[in-house]
Amino acid sequence: MTHDDFIYIPGRREEKRIPSRVLEEIIHQQIRGGHRNLEIEAFGQHGIGGRLWDAGTDAVNIRIIGHSGQRTGSLGNANTCIEILGPASDDLGWLNAGARIVVHGHASNGVMNGAAQGQVFVGGSIGARGMTMTKHNPRFDPPELWVTGTAGDYFGEFMAGGIAVVCGHGSQPGDQVLGYRPLVGMVGGKVFVRGNAQGFSKKDAKQVALTDDDWQWLETGLERFLKKVGRMDLLAALAVRPEWMLLTAKSPHEKADSPNRLDMSSFRRQVWDRELGAGGLIGDLQETMPGTIPVITKGDLRRYIPVWEQGKYLSPCQAACPTGIPVQDRWYMVRADNVDEAVAMGLTHTPFPATVCGYLCPSPCMVACTRHQEGMTPVNVRDLGRAGEQVPLPEPDDATGRKMAVIGAGPGGLSAAWHLTLKGHAVTVFDTGSDIGGKIASVIPGSRIPEQTLKTELDRIKALIPDIRLEQSIDADTFAKIREEYDFTIVAAGAKKPRRLPVPGIERAVFANAFLSQAKAGNAGPGRQVVIIGAGNVGCDVATEAHRLGAREITLIDVQRPAAFGRELDDAKKCGAKFQWPVFTRKITEQGVMLETGDLLPADTVVVAIGDVPDLDFIQSHLAVDNGFVTVDRINRTSDPKVFAIGDVVAPGLITDAIGAGKRTARVIHQIASGNDVQETAPQPVVDKSRIHLAYYDPVNVPADLAACGDACASCGKCRDCGICVAICPEGAIERNDLENDGFEYRVDADKCIGCGFCKGACPCGIWDLIPNTPL
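Sequence order sets the numbering: in each chain, residues are counted from 1 along the sequence as written. Where local features are concerned, this predicted model is filtered to residues with pLDDT of at least 70; where side-chain atom pairs are given and counted, the filter is 80 or more; whole-chain, interface and lining totals use all residues. Side-chain numbers come from the whole structure's heavy atoms, not from hydrogens or water.

**Q** Honestly, the environment of E309 in this entry has me stumped. Any pointers?
**A** As for its position among the elements, E309 is in the loop between β14 (304-308) and α6 (316-320). Working definition: with a 1.4 Å probe on protein chains only, accessible area under 20% of the residue-type maximum means buried, over 50% means exposed, and in between means partly exposed. Given a relative accessible area of 7%, E309 falls into the buried group. C-alpha separation for the pair E309 and A708, spaced 399 residues apart in sequence, amounts to 26 Å. Pairs of residues are marked as contacts when any of their non-hydrogen atoms sit within 4.5 Å. When neighbours within four sequence positions are excluded, E309 is seen to be in contact with R691, G717, I767 and D769. Helix and strand assignments come from DSSP, with helices taken as H or I runs of at least 4 residues and strands as E runs of at least 2, each series counted from the N terminus.

**Q** How should the pairing of strand β5 (residues 60-67) be read in this particular structure?
**A** For a regular strand, side-chain orientation follows a simple rule: the groups alternate between the two sheet faces. If DSSP finds at least two bridges between two strands, the strands pair. As paired strands, strand β4 (residues 37-43) and β5 are joined by seven bridges and run parallel to one another. In the strand pairing of β5, E41 is matched with I65. Pairing geometry for β5 and strand β6 (residues 80-84), over five bridges, is parallel. Bridging across to β6, R63 finds its partner in E83.

**Q** Please explain a nonpolar patch on the surface as it appears in this structure.
**A** Taken together, the side chains of L262, M264, F267, W272 and L276 define a hydrophobic patch exposed on the protein surface, amounting to about 470 Å² of accessible area. Along the polypeptide, L262 turns up in the loop between α4 (252-256) and α5 (264-276). Surface patches are drawn from residues lacking salt bridges whose relative accessible area is over 30%; two like charges belong together within 9 Å, two nonpolar side chains (Val, Leu, Ile, Met, Phe, Trp, Tyr) within 5 Å. Under the convention used here, a 1.4 Å probe and the Shrake-Rupley method define accessible areas, while residue burial counts only the protein chains that appear. Any Lys or Arg side-chain nitrogen found within 4 Å of a carboxyl oxygen on Asp or Glu counts as a salt bridge.

**Q** Help me out: how do you make sense of the sheet that holds strand β13 (residues 244-249) in this one?
**A** Sheet strands line up and pair through hydrogen bonds in the backbone, either parallel or antiparallel. Taken in spatial order, the eleven strands make up an open sheet running β1-β4-β5-β6-β7-β8-β9-β10-β11-β13-β12, and their pairing is mixed. A single partner strand is all that each edge strand has here, and the edge strands are β1 (7-10) and β12 (205-208). Looking at each pair of strands side by side, their axes are set apart by 20 degrees on average, direction ignored. Here four bridges tie β12 to β13, and the two strands are oriented antiparallel to one another. Within β13, the position partnered with K206 by the bridge is T248. For helices, the axis comes from a line fit to the C-alpha atoms of the stretch in contact; other axes are also lines fit to C-alpha atoms, and the angle between any two N-to-C directions lies between 0 and 180 degrees. Contacts between helix α1 (residues 20-32) and the sheet are confined to β1, β4 and β5, with β1 contributing the most and set at about 165 degrees to the helix.

**Q** How should the packing of helix α12 (residues 411-422) against helix α19 (residues 655-673) be read in this particular structure?
**A** At a minimum axis separation of 7 Å, α12 and α19 run at an interaxial angle of 30 degrees. In terms of their interaxial angle, α12 and α19 are classed as roughly parallel. Between α12 and α19 the crossing geometry is right-handed. Along the contact surface, α12 presents P411, G412, S415, A416, H419 and L420, while α19 presents I655, A658, I659, G662, K663, A666 and I669. Here the residues of the contact of α12 with α19 are counted per class, giving eight nonpolar, four polar and one charged. Each angle is binned into one of four classes, with values under 35 degrees roughly parallel, values over 145 roughly antiparallel, values of 65 to 115 roughly perpendicular, and all other values oblique. The hand of a helix crossing depends on one turn: near helix anticlockwise from the far one by less than a right angle means left-handed, and clockwise means right-handed. Only Asp, Glu, Lys and Arg are considered charged in this grouping, and only Ala, Val, Leu, Ile, Met, Phe, Trp, Tyr, Cys and Pro are considered nonpolar; every other residue, Gly among them, is considered polar.

Now the structure itself:
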């Protein structure tokens, strides 16, 4: 092959040396570009010719001129041939995986260190620790090292496979061809040596007779080797059979038969303790009984120990639920065939299991479901919620004699009243409307929830809470009277005052809540063209209702990306509603909405849906208010310790946020009313989804009923009692124990456990963890 057949790559640019990493990338670019013959002028760069995987199975030829750096040909491929036209630096052919490397000169330390395949031909001598820690996979040819001259100290240290040929050219009679202490720790492979090599480790290696087959292999290989390094003139001098010796590793039996070999007990007594004192290096610190530590430890000597962490973590679904419903507990009941109990559990957390959990909630629990990690359909909790429509009333606790007032009969206020009543308190609910339910009953379109479902749940609430006073006008004096008459008061009046848009012609528009109330009562006629200012979920509800009432050209505009999501957004799009943003309203006219751009959006009806704010006139003189909202602490207590506030009077939020706040606030008031301090509890951590193993579940199957949903639930952080850990433990160290009230636990026998972690790796629910053992 001529010089012109090679692509020339200089190792420096503009008189500056190219860094090793950059040069390696240049080489890979040439390989990816289809070039297979490269000539590299090296200036000490490392790793040239290694890891050329981009060539696939094509042969690659690398010619190195100049000064190659360390690790030339390291991790070399079987299709790579490297020729160094000069000496080579340290670690030539390190971890070689098949490359053929030819050196026209000497090589430094560490030649073929850790190699598994490949060949290295050196035209001179090599430094220390050549051919160390080599190995041989019987599926492939062994690694080979051919050296024209001599080898340095510690040659073949811990050699476990491969063939080395050291010709000893240039050595004087009596010189050690393999340097100081060669073949220490040798356990495999062969070494052919020409000259004196009697300094090899007699404990680990032995000299064997050179058979005819051995000589034929060596003689053939010598000719090939000398052609590679251009030294065929040496063939006659080197191919003299009596001058060669063959060294191989001793077998374990041969090493065991050594008269000087000590067993471990004798070594400890005669060498270790004698030289270092009783107990060795840490004898004065040692508290445990001296003895032999097994290879696989148990008990206190385990490095890691498994821990069954039942109940330590929240499931992602429960953590995402604003009401804090333990969803996975309900599916556990379903799997245990306690479906009625699972359905009824909903009423212990919310008075609206069907209305909200089944229909209105955007279901953050399903969004957080771990099954999403593998692209599976989340478990449908809505079906479980809808099944709660016909659940009978729960039985309240015994009467406490305490009187509680709730101002506001929306979802938050009714939630607080519901939970306080269940705790035995006498609750009075005040509201300005003609019926309970707040916006759920008066504003949300009937297309979002069956009328009968809502009526059933509102009737159930009225049956539990008999003292509900409607059409109440509450001013500052009335509020003060309520505060004095009741032990505690919860303000849950909601946000009913529409946020106004400061543009000319605003009086021509109708506000979203008013339009939705009229539409629900059958009193709205929006016309054919409707423009909705505000593209949130309420705006989408307006679009859906307007379409139901005959509108066919519906446009929602916003100053930012529409905030709508979930079913509301989907329903609006199905109605053909169009979204425009960012756009700004200049004025509202008889013809429609005039934009700042001068464009006119024609409209028969303009609806403003940019949110609502609470009307706090009745409490301004009694409670601290900030920026239009009631100021509360972490337990929803206001500046008056007898008054709490929840829902939209505190901050805007989802219906489920208000329901959850009502539940938590009722619990706090009950603790205070019972004479107990409010319990400080740190938030329970959420289980890491990576601990859950979804390989046990069918990724294609979509759960169709409650039983199937129960089976599909991964029960994150809560043991399914499947027994996989017991079955998979290789030492039989785990057992299941029954506890009171149908409880159970899994326990580990420390004397059997080896801390392997199989239980953690196999647990479907992420219950088992592996933690460091307490140091001795």
